[in-house]
Amino acid sequence: MTKSNYYHQATFLLSVANLNQLPSDQGIEVAIVGRSNAGKSSVLNQLTQNKNLARVSKTPGRTQHINLFKIDEERRLADLPGYGYAKVPPKIKQHWQNLLDTYLRQRECLKGLILVMDIRHPLKPFDQQFLTWANECELPTHILLNKADKLSYQSQQKTLREVTQALTAYSPMMTVQLFSALAGEGIKELQKQMDSWFDVSFNR
């Protein structure tokens, strides 16, 4: 199997509201997270080339559980609840926050985090909270500045420089790239990062 279609074989595994419902803490998981309007589901669908894999909704905050997708017997993608925008009761938001905090700190098979940001609104407080969590957990984090197609080249580069500079306050394991789920731009760079976490190699 080649890199171009490895992630296309992802299939829905299960959806959990509590961590005790997760599969055994074995193998390798990579999680994707972001504000509810950052285009997280679109990123997943672009990566897997399956527009129905992660539901894309016009109502931010639709993902209210941890949704797991199986790539192969040892590797999984975890779609974490969107945050920071969803119009839900405070009690539910607190549950999400506790769920995510525990997941990030205790899930041993979690090897990397994809943090999706809207390039027009990067590093919002909740994004910074996730970076702090990941930093404390020594969890490698790769930021996608999604919706890059919405900005000019000059504006893209300016934001990329600003976010890169901001990351110097965190662990060197924090990286960032431009991305467009709509246009598929940056997909190879994303795949390369994920390959390293999933410990997969391909015969080209």
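Everything here concerns the structure above.
Residues numbered from 1 in each chain as written. Predicted model: local features only at pLDDT ≥ 70, side-chain atom pairs only at ≥ 80, totals over all residues. Heavy atoms only, no water.

**Student:** Honestly, the overall build of the protein in this entry has me stumped. Any pointers?
**Tutor:** Per the secondary structure count, the protein includes six helices and seven strands. Tracing the protein from N to C terminus, the helices and strands come up as α-β-β-α-β-β-α-β-α-β-α-β-α. Split into buried and exposed, the 204 residues of the protein put 49% on the buried side. The long-range fraction of contacts in the protein, counting pairs at least 24 apart against all pairs at least 6 apart in sequence, stands at 75%. (Helix = DSSP H or I, 4+ residues; strand = E, 2+ residues; numbered from the N terminus. Buried < 20%, exposed > 50% of the residue type's maximum accessible area, 1.4 Å probe, protein only. Contact = heavy atoms within 4.5 Å.)

**Student:** Sorry, what's going on with the side chain of Thr159 here?
**Tutor:** For Thr159, the location among the structural elements is in helix 5 (residues 153-166). When near neighbours in sequence (up to four residues on either side) are disregarded, Thr159 contacts Ile119, Pro122, Leu145 and Leu151.

**Student:** Explanation requested: the environment of Leu53 in the structure shown.
**Tutor:** Within the secondary structure, Leu53 is located in the loop between helix 2 (40-48) and strand 3 (66-70). Measuring from C-alpha to C-alpha, the distance between Leu53 and Ser42 comes to 9.5 Å, with eleven residues separating the pair along the chain. Leave out the neighbours within four places in its chain, and Leu53 touches Ala10, Thr11, Phe12, Asn45, Thr48 and Phe69.

**Student:** Is there a simple way to think about the packing of helix 3 (residues 90-106) against helix 4 (residues 125-136) in this case?
**Tutor:** In a pair of packed helices, the angle between the axes and the distance between the axes together describe the arrangement. The geometry of helix 3 relative to helix 4 is characterised by a closest axis approach of 9 Å and an angle of 30° between their N-to-C directions. Comparing their axes, helix 4 and helix 3 come out roughly parallel. Here helix 3 runs over helix 4; the crossing is right-handed. Here helix 3 contributes Gln97, Leu100, Asp101, Leu104 and Arg105 to the contact with helix 4, which in turn contributes Gln129, Phe130, Trp133 and Glu136. In terms of residue class, the contact of helix 3 with helix 4 is built from four nonpolar, two polar and three charged. (Axes fitted to C-alpha atoms, helices over the stretch in contact; angles between N-to-C directions. Parallel < 35°, antiparallel > 145°, perpendicular 65-115°, else oblique. Left-handed = near helix turned anticlockwise from the far one by under 90°. Nonpolar A, V, L, I, M, F, W, Y, C, P; charged D, E, K, R; others polar.)

**Student:** What am I meant to see in empty space enclosed by the protein here?
**Tutor:** Inspection of every chain in the model, using the stated rule, returns one cavity of 30 Å³ or more. Considered as a void within the structure, the largest cavity measures approximately 50 Å³ in volume. Val30, Ile32, Val43, Leu44, Leu47, Leu77, Ile114, Leu190 and Met194 are the residues that line the largest cavity. Contributions of two or more residues to the lining of the largest cavity are made by strand 2 (28-34), helix 2 and helix 6 (187-198). When residues of the lining of the largest cavity are assigned to their parent elements, the largest contribution, three residues, is made by helix 2. (1 Å grid on protein atoms, 1.4 Å probe; cavity = no way out; pocket = protein on both sides within 12 Å on 5 of 7 lines; lining within 4 Å. Points joined across faces, edges and corners; volume = space filled by probe spheres on them.)

Function cannot be inferred from these measures alone, as they are strictly geometric.
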